[in-house]
Structure formats: C-alpha cells, structure tokens
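Per-entry structural report
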Amino acid sequence: PLDIHLVQDMFTADDARFWNERNPEYLTIQIDSLRNKECLDGLRDYKGKAGAGIMVASPLSLLDEIGGLFSHALIMCGTPGKPGGQFDEQCIYRIIELRKRHPELAIHVDGGIDARAMNLLRAFHVDLVVSGSFLAKSTNIFANICELRFGHYAHDLSIEHIMVPYGRLPVVAEGAIFRDILPTISHWFMGMVMVVNEDRILKGIITDGDLRRAFA
C-alpha cells in the first residue's frame, strides 16, 4: 500500500491529477503549513482518500472550515520528516477533542509509535497508526510488528503496557449527579465513568449500560 504524507503550502489541480494517476491508499496533507485555505481547492479534484495532517499543539479549529474535504485526520506527535521522536501523550486529548468536533473523520496517529504507545492508542480506538523508527531500528522487525498489532500478550506483559494514566480517564466525584455523569461518558468515548472520592480512591464504575438499565 502507498501512503503519502505531503508537507507543502498548496495543493493544486495539477497535484490532484498527479496523485490520481498514482492512486495511493491514503494521501495526507500537513495543513499546518498551508498559507491559506484556497490552496486546498485541488482536493476537490482528487479522487482518493485525502487526509489532514495536524500537529499535536495545533488548534483543531484549522479543520472547522475545511474538514468536509477530508476522510481522515493524521495527528502528528513529532515533527514531520524527523524520525525517532517520542510519543506525546497530549495526543490522547487531541483524539478526544477531534472525535467531538469532527466525528466523521477517521483518526490516524504518527510519531513515536512503539508497543507501549500502541496499547494506549488501542484503548482509544484509533483507526490507523504510522510506525517508523520502532520498526526500522529493530533487530527483529517481525517481532516488533507483532507487538504493534497484538500488544505484549505473548511475553513480558506487565501492567504498564496496558495502563491508561489517571489524567486520561473519565472521572467524576463521588457526589456527582446524573447531569454530570452523562456528558462525561459521551465526551470520553469509553462507555463508562470512574467514580472517585476526594482522595482519588475508586468507589465504583458506571457504564452507559448501567444508565440504560436504570431508565428501562
């Protein structure tokens, strides 16, 4: 499969014809570098799956006016074209916000993707990841591919490989009322909230199934 990521300041009708002839599976344009939205007019002539590349720190408002031109958004945890970066866990907040603002877009993630990052992203149901250095620098690329696809289930599984940090979880206080719980479940897309007391001790879990049964 051919997956193209362009870092350029325009996308013209000529660009569309060029890539239509080569028919990549995915074509992503780094929209942080675009000088103006008119540069994206060529996307209307592109026949394949076009995506918007956006840095972790960039405002998602960049997508608000042009999101309809894309099939996916690629969240960049590192600098485009610079290999060997570290996975930025702020990416998780971007995923949650992106799903809320543009639920029609598939979510791709690139930058520092190793087995631990993959397990974290899997918990948030990312559609596709791009892994470079983790595979290119490995002594056994097949083993590393298996770790990306299946996690550490075959060997040395420990809690750190599947643990989601506290700050990345849907949490409500023990005294929360219904109108606090439902928006939290909807916002985090995990189908549940964790109920904690003032010392952050877990007191229980409420799932969307619990709420449906309560009102049945």
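A short tour of the structure in this document, coming up. (Residues numbered from 1 in each chain as written. Predicted model: local features only at pLDDT ≥ 70, side-chain atom pairs only at ≥ 80, totals over all residues. Heavy atoms only, no water.)

Regarding unusual backbone geometry
The phi angle at Asn23 is positive, at roughly 50 degrees, despite the residue not being glycine. Inspection of the secondary structure puts Asn23 in the loop between helix H1 (13–22) and strand E2 (26–30). The phi angle at Arg200 is positive, at roughly 65 degrees, despite the residue not being glycine. Inspection of the secondary structure puts Arg200 in the loop between strand E8 (192–196) and strand E9 (202–207). (Helix = DSSP H or I, 4+ residues; strand = E, 2+ residues; numbered from the N terminus.)

Points about the sheet that holds strand E3 (residues 50–55)
Remark on secondary structure: sheet strands pair via backbone hydrogen bonds, oriented parallel or antiparallel. What the six strands build is an open sheet, ordered E1-E2-E3-E4-E5-E6; its pairing is parallel. Since the sheet does not close on itself, it has two edges, and those belong to strand E1 (3–6) and strand E6 (128–130), each with one partner. Each neighbouring strand pair of the sheet contributes to a mean axis angle of 25 degrees, computed without reference to strand direction. For strand E5 (residues 106–110) and E6, the ladder comprises three bridges, and the chain directions are parallel. Following the sheet pairing, Asp110 is matched in E6 by Val130. (Pairing = 2+ DSSP bridges. Axes fitted to C-alpha atoms, helices over the stretch in contact; angles between N-to-C directions.)

Some thoughts on the side chain of Ser131
Locating Ser131 in the fold gives a position in the loop between E6 and helix H4 (133–136). Among the residues examined, Ser131 registers a relative accessible area of 17% and is labelled buried. A distance of 3.0 Å separates a polar atom in the side chain of Ser131 from the backbone oxygen of Ile113. Apart from residues no more than four positions distant in its own chain, Ser131 is found in contact with Ile113 and Leu148. (Buried < 20%, exposed > 50% of the residue type's maximum accessible area, 1.4 Å probe, protein only. Polar contact = N/O pair within 3.5 Å; in protein donor to acceptor, adjacent residues only side chain to side chain. Contact = heavy atoms within 4.5 Å.)

Here's the deal with helix H2 (residues 91–101)
Those residues of H2 not exposed but buried are Cys91, Ile92, Arg94, Ile95, Ile96, Leu98 and Arg99. Elements that come into contact with the buried residues of H2 comprise strand E4 (72–76), E5, helix H3 (115–123) and helix H6 (178–188).

Things to note about the pairing of E1
Residues in a regular strand project their side chains so that they alternate between the two faces of the sheet. Along E1, the buried face is formed by Ile4 and Leu6; none of Asp3 and His5, which line the opposite face, is buried. Pairing between E1 and E2: four bridges, direction parallel. When the bridges of E2 are listed, Leu6 appears paired with Ile29. Once you follow E1 into H1 and on to E2, the crossover reads as right-handed. (Right-handed = clockwise from strand over helix to strand, strands pointing away.)

Observations concerning the pattern of salt bridges
Going through the model one piece at a time under the given rule, you end up with nine salt bridges. Bridged by salt links that share partners, the residues Asp64, Arg94, Glu97 and Arg101 form one connected network. (Salt bridge = Lys/Arg side-chain N within 4 Å of Asp/Glu carboxyl O.)

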